[in-house]
Amino acid sequence: MQIPLQITFRGLRPSPAIEQTIREHAAKLERFYERLTRCRVVVESPHRRHNKGKLYHVSLDLTVPGAELVVNREPHQRHEHADVYVAIRDAFNAAARQLEDYARRQRGEVKSHEAPPTGRVVQLFPEEGYGFIDTTDGRHVYFHKHSLLNGDFETLEVGTPVEVLFLEAAPDRAPQATAVRILHP
């Protein structure tokens, strides 16, 4: 880290053991993202609650080139945070996940979800309740009137643009659409 680790205690006395635990966790963060610039940690012991006891709140503020990552979990959501060391561990685990995600985005490794294939209705058999679609990737797909998600099968026309989800059929048969959505231009 370019800027030394900053640790702040609120509502409890500074403890060398807690500080050492925080320093060990902070050192591990640099394995997830070596260009970590700053890490600020606040350990807070809110006022005693009548029914729930004292739950520790640990927040982290991490600075990396081009972004600031914040881990801030409310203690009332986690009853195991009555132990300060568990609260510290959970906060640093969340920070590690955020750093890993940030590093993946920086490297361009973020998953992109493929859009469902699109196509056009090319044949309709209204009496039998089925038809065929030619997709933009060159497949000829069977669909039944019950696979139509929006619109009415009776109003479909040849040439209607659609979005298709597939259920692959046996090797000797054409693929069958499990869902067809009419695309409105």
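The structure under discussion appears in the preceding block.
These numbers come from a predicted model, not from an experiment.

Student: Please clarify how the overall build of the chain should be interpreted in this entry.
Tutor: A count of helices and strands for the chain gives two helices and nine strands. Across the chain, helices and strands are ordered from the amino to the carboxyl terminus as β-α-β-β-β-α-β-β-β-β-β. Scored against the burial criterion, the 185 residues of the chain give a buried share of 35%. Long-range contacts, defined here as pairs at least 24 residues apart, represent 54% of the contacts in the chain between residues at least 6 apart. Per element, the accessible surface of the chain, about 11700 Å² overall, is 48% carbon and sulfur.

Student: Which parts of the structure should I look at to understand the sheet that holds strand S1 (residues 6-10)?
Tutor: The strands making up a sheet associate through hydrogen bonds between their backbones, and the pairing can be parallel or antiparallel. Taken in spatial order, the four strands of this open sheet run S1-S2-S3-S4, and their pairing is mixed. Here the strands that pair on one side only, and so sit at the sheet edges, are S1 and strand S4 (67-72). Within the sheet, the average angular offset between the axes of one strand and its neighbour, ignoring direction, is 10 degrees. Summarising the sheet, S1 and strand S2 (residues 38-44) pair through five bridges and their orientation is parallel. Residue pairing in the sheet places threonine 8 in a bridge with valine 42 of S2. Strands in contact with helix H1 (residues 16-32) are S1, S2 and strand S3 (57-64); relative to S1, the strand with the most contacts, it is inclined by about 140 degrees.

Student: I'm lost on the side chain of threonine 21 in this one. Help?
Tutor: Residue placement: threonine 21 occurs in helix H1. Non-local contacts of threonine 21, meaning those with residues more than four positions away in its chain, are made with Tyr85 and Ile88.

Student: Is there a simple way to explain the packing of aromatic side chains in this structure?
Tutor: Aromatic rings considered in pairs are described by the distance between their centres and by the relative angle of their planes. Evaluation of the coordinates by the stated rule reveals six aromatic pairs. Plain terms: the ring middles of phenylalanine 125 and phenylalanine 132 are 6.5 Å apart, the flat faces sit at 85 degrees to each other, and that makes the pair edge-to-face. Look at tyrosine 130 and tyrosine 142: their rings are 5.5 Å apart centre to centre, the planes differ by 40 degrees, and that puts the pair in the tilted class. Highlighted residues: tyrosine 130 in strand S6 (residues 130-135) and tyrosine 142 in strand S7 (residues 140-144), separated in sequence by twelve residues.

Student: What is the right way to look at the pattern of salt bridges in this model?
Tutor: This structure, assessed with the given rule, holds seven salt bridges. Of the charged contacts, one joins glutamate 19 and arginine 23 as a salt bridge, the two residues approaching to 3.7 Å between their closest N and O atoms. On the criterion of helical spacing, the pair formed by glutamate 19 and arginine 23 is a turn pair, its members being four residues apart in helix H1. The class for glutamate 19 is partly exposed, based on a relative accessible area of 26%. When its relative accessible area of 40% is taken as the criterion, arginine 23 is described as partly exposed. Between arginine 139 and aspartate 137 there is a salt bridge, and its shortest N-O distance comes to 3.0 Å. Judged by relative accessible area, arginine 139 falls into the partly exposed class, the value being 29%. A single salt-bridge network, built from bridges that share partners, covers Arg40, Asp61 and Glu68.

Student: Would you mind showing me how to read the side chain of serine 147 here?
Tutor: The topology assignment puts serine 147 in the loop between S7 and strand S8 (161-167). Reaching out from serine 147, the side chain makes a polar contact with the backbone oxygen of histidine 144 at a distance of 2.6 Å. Residues contacting serine 147, with those up to four places away along its chain left out, are Ala177, Thr178, Ala179 and Val180.

What counts, and where the lines are drawn
The written sequence of each chain sets the order in which its residues are numbered from 1. In keeping with the predicted nature of the model, local features appear solely for residues at pLDDT of at least 70, side-chain atom pairs appear and are counted solely at 80 or more, and the whole-chain, interface and lining totals rest on all residues. Only hydrogens and water are set aside; all other atoms, that is, all heavy atoms of the structure, feed into the side-chain values. We count a stretch as a helix when DSSP gives it H or I for four or more residues in a row; a strand needs E for two or more, and each element gets its number in order from the N terminus. Residue exposure (1.4 Å probe, protein chains only): buried if accessible area is under 20% of the type maximum, exposed if over 50%, otherwise partly exposed. We call two residues contacting when some pair of their heavy atoms lies within 4.5 Å. In these tables, accessible area is a Shrake-Rupley quantity obtained with a 1.4 Å probe, and a residue counts as shielded only by the protein chains included in the view. Two strands are counted as paired when DSSP detects at least two bridges linking them. Structural elements are reduced to axes, namely lines fitted to C-alpha atoms, with helices fitted over the stretch in contact, and the angle between N-to-C directions of any two is expressed from 0 to 180 degrees. Stacked, tilted and edge-to-face are the three classes applied to pairs of Phe, Tyr and Trp rings, where Trp contributes its six-membered ring and a pair requires centres within 6.5 Å; stacked means planes under 30 degrees apart, edge-to-face means over 60, and tilted covers the rest. By definition, a salt bridge exists where a carboxyl oxygen of Asp or Glu is found within 4 Å of a side-chain nitrogen of Lys or Arg. In the analysis that follows, any N or O atom pair within 3.5 Å is treated as a polar contact, provided that within protein one partner can donate a hydrogen and the other can accept it, and provided that, for residues neighboring in sequence, both atoms belong to side chains.

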